[in-house]
Amino acid sequence: MLKQKRRTVFFKGKHSNRHMKSKTETMHRGTRPNQNRSDSVQIEPGSSLRKPEPLRSKTAGEGLKNAQPVNRHQQAVPQEPKTANRMNRRAIKKASFSMSRRISGSYIQMVIDAFLSCLVLMLLIFILYHCVILVMDVQHIVEDLSTTQTLNDSVYDIIVQKDTEIALFDKSGEMLINSFGKWYMPNERLPIWFFRRDNAIFIMLKTWISRTDAIYTINIFRDITPILLELAVLLGFTVFLGLLTLLTIYFRGRSITKNVLYPIQEVTKMTKEIKAQNLNLRLNVTNAKDELKELIITFNSMMDRIEDAYNKQNQFVSDASHELRTPISVVQGYARMLERWGKEDPDVLHESIEAIRNEAENMKELVDKLLFIARNDKDTLILNKEKFSLSEMMEELVKETRMVNEQHTIEASIEQGLNTYADRNRIKQAMRIFIDNAQKYTEPGKTIEVNLKREENRAVLSVTDSGCGITKEDLNNVFDRFFRADESRDRNKGGHGLGLSIAKIIVLRHGGKINVKSKVGEGSVFSIILEADPEAVEG
């Protein structure tokens, strides 16, 4: 979280209380004593400067059934109206019942499909089995009658012994034997037919007997009533068991489904309580298992990111408003001073015009930086990449710095013949930001080093100052917008706390990296790592 800033504007000067001379900004933070070791941080494409906060340990309880939202900052949560709570509970209950019913219905549908498949398979096996037995009996009867010496006696023996009725016809169609009685067939050519006699159901099979003396037609009638009774009993028992199983699955499945979905209901209920005013609420992960636990952990992690982004946005708006308020206050102060008595005083008039012009330029610079950041956030920032010499750009940058800065010793170590493919103006802007920071926080007379060297196929551009250094706590935040590391980086140093954020955007947009090493009391090293042009490396 960005440190809270406090700014004050005061007036003083040779014209009593009428003149505005300067505006100051003070920042407050805690420092870590005895910082003797060097700390560093590296920024890469796709990485975040802020270390991710670990998931907080959740409150103990009896699981999700008794779980309550975990307040990260122990803040009071505003209560919703009772009517809204009742409506939410009804909606959750209705959705839960609907989902439970759908899942139970799915279970039943699967069981019904399996049951019907097994039932059809069982019927097919039962029918095929008895058909095979019947065909084998008919075949045995035909074989016996084909080889017997006394046809009539053999037919009567079969009728008595095998509980079978037979009708025998000669080749001309004359009936020789009929133990079944009268029957009627819609078509004489049908080989199979069913008949009912004395509350019994018979199946008729028509076939032929070939004997040495003649060829006969034989109709064999078999009583299938016991088989049909067996089939009816089997079907009834199966259907009864199936219905019992379905009812058991429905009620038991509904109970199990409710138990499974209850944690999801609680999650839904808790998430409805999370609003913009209480983004610090988190779901309780105590006793959650398997995929549900993973879901809750993922949700809490997402809420951490949303809360951080929301707080950063609010802080950004607040800081931007504060940065603009100061120059606007200065302009308003001088405008009122001019309106009252500055028109007739040339010194006051000149001082007011100069101050207003400076503050206008300051506001323009701030707005330009904000627009640059906004374009990056909207992904509309355009880079004009080209192949250029990093060595020439660094020499040019060192020369310009020495021309405008005579208070520091600028030392340069630039390796020659090093090229890259990037936006030259943007890379120079990022290096200029590092050099400006080094000038602001390095005492006059001390040294600032500007280096360019090759490491394998990479180009390393670095700026080393001899300033106050940056603490380890602040090192992870130096690239945050509107951040200033300590009280020494006040408004008298100039700037708005956006330079390093812009440098980070430029480097990451080029697919490069930023390294920051710092030791309190000795200084800092800001480095940019870019891909060097392959031809230059080979050369």
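Keep in mind it's a predicted model, so treat the numbers as computed, not measured.

**Looking at the environment of Phe-388**
For step 1, the next point in the chain: The residue Phe-388 is located in strand β11 (residues 386-389) in this model.
For step 2, the next point in the chain: The exposure class of Phe-388 is buried, given its relative accessible area of 7%.
For step 3, the next point in the chain: It is 7.1 Å that separates the C-alpha atoms of Phe-388 and Arg-424, two residues lying 36 residues apart in sequence.
For step 4, the next point in the chain: Ignoring any residue separated from it by four or fewer positions in sequence, one finds Phe-388 in contact with Met-393, Asn-419, Thr-420, Ala-422, Asp-423 and Arg-424.

**As for the nonpolar core**
For step 1, the next point in the chain: Counting 48 residues, the largest nonpolar core has Met-431, Phe-434 and Leu-461 as the members making the most contacts within it.
For step 2, the next point in the chain: Examining the composition of this core, we find that seven residues originate from one element, helix α7 (residues 424-441), more than from any other.

**Comments concerning the pairing of strand β8 (residues 200-210)**
For step 1, the next point in the chain: Direction of pairing for strand β7 (residues 192-197) relative to β8: antiparallel, over a ladder of six bridges. Bridging from a neighbouring strand, Arg-197 pairs with Ala-200 of β8.
For step 2, the next point in the chain: In textbook terms, the turn of a hairpin is the stretch between consecutive antiparallel strands, and for β7 and β8 this stretch comprises two residues, one of which, Asp-198, has a positive phi near 55°.
For step 3, the next point in the chain: The sheet contact formed by β8 and strand β9 (residues 215-223) spans nine bridges and is antiparallel. Each residue of the ladder has a partner; that of Thr-207, found in β9, is Ile-218.
For step 4, the next point in the chain: Hairpin remark: β8 followed by β9, antiparallel, with four residues in the connecting loop.

**Here's the deal with the sheet that holds β8**
For step 1, the next point in the chain: Ordered by their spatial adjacency, five strands build an open sheet running β6-β5-β9-β8-β7, and the pairing between neighbours is antiparallel. Each having just a single partner strand, β6 (175-178) and β7 make up the two edges of the open sheet. This sheet shows a mean twist of 25° between the axes of neighbouring strands, independent of strand direction.
For step 2, the next point in the chain: Those strands touched by helix α2 (residues 151-161) are β5 (164-169), β6 and β9, and its axis lies near 155° from that of β5.

**Examining the packing of aromatic side chains**
For step 1, the next point in the chain: Across all of its chains, the model carries seven aromatic pairs by this definition.
For step 2, the next point in the chain: Judged by centre distance (4.1 Å) and plane angle (5°), the ring pair of Phe-180 and Phe-221 falls under stacked. Separated by 41 residues along the polypeptide, Phe-180 in the loop between β6 and β7 and Phe-221 in strand β9 bring together distant segments of the chain. Across the pair, Phe-221 and Phe-180 agree in class, each one buried.
For step 3, the next point in the chain: Among the aromatic residues, those joined into a cluster by ring pairs are Phe-169, Phe-180, Trp-183, Phe-195, Phe-202 and Phe-221.
For step 4, the next point in the chain: We note Arg-197 situated over the ring of Phe-180; from NZ or CZ to the ring centre the distance is 4.7 Å.

**Section: the pattern of salt bridges**
For step 1, the next point in the chain: Taken as a whole and judged by the stated rule, the model has 17 salt bridges.
For step 2, the next point in the chain: Each of Glu-396, Glu-400, Arg-424, Lys-428 and Arg-432 takes part in salt bridges that share partners, so that together they form one network.

**Observations concerning the environment of Thr-420**
For step 1, the next point in the chain: You can see Thr-420 is positioned in strand β13 (residues 419-422).
For step 2, the next point in the chain: On the basis of relative accessible area, Thr-420 is assigned to the buried category, the value being 1%.
For step 3, the next point in the chain: Setting aside anything within four residues of it in sequence, one finds Thr-420 in contact with Glu-386, Lys-387, Phe-388, Leu-390, Leu-530, Glu-531, Ala-532 and Asp-533.
For step 4, the next point in the chain: At 2.7 Å, the side chain of Thr-420 forms a polar contact with the backbone oxygen of Glu-531.

**Some remarks on the packing of helix α5 (residues 346-377) against helix α9 (residues 499-509)**
Each pair of packed helices can be described by the angle between their axes along with the distance between the axes.
For step 1, the next point in the chain: Direction vectors running N to C along α5 and α9 enclose 35°, while the axes themselves pass 10 Å from each other. Here the hand of the crossing between α5 and α9 comes out left-handed. Judged by residue contacts, Lys-369, Phe-372, Ile-373 and Asn-376 of α5 engage Ile-502, Ile-505, Ile-506 and Arg-509 from α9.
For step 2, the next point in the chain: Here the contact of α5 with α9 is composed, by residue class, of five nonpolar, one polar and two charged.

What counts and how
- Residues numbered from 1 in each chain as written.
- Predicted model: local features only at pLDDT ≥ 70, side-chain atom pairs only at ≥ 80, totals over all residues.
- Heavy atoms only, no water.
- Helix = DSSP H or I, 4+ residues; strand = E, 2+ residues; numbered from the N terminus.
- Buried < 20%, exposed > 50% of the residue type's maximum accessible area, 1.4 Å probe, protein only.
- Contact = heavy atoms within 4.5 Å.
- Core = buried A, V, L, I, M, F, W, Y, C linked by side-chain atoms within 4.5 Å.
- Pairing = 2+ DSSP bridges.
- Axes fitted to C-alpha atoms, helices over the stretch in contact; angles between N-to-C directions.
- Phe/Tyr/Trp six-rings, centres within 6.5 Å; stacked < 30°, edge-to-face > 60°.
- Lys NZ or Arg CZ within 6 Å of the ring centre and 35° of its normal.
- Salt bridge = Lys/Arg side-chain N within 4 Å of Asp/Glu carboxyl O.
- Polar contact = N/O pair within 3.5 Å; in protein donor to acceptor, adjacent residues only side chain to side chain.
- Left-handed = near helix turned anticlockwise from the far one by under 90°.
- Nonpolar A, V, L, I, M, F, W, Y, C, P; charged D, E, K, R; others polar.

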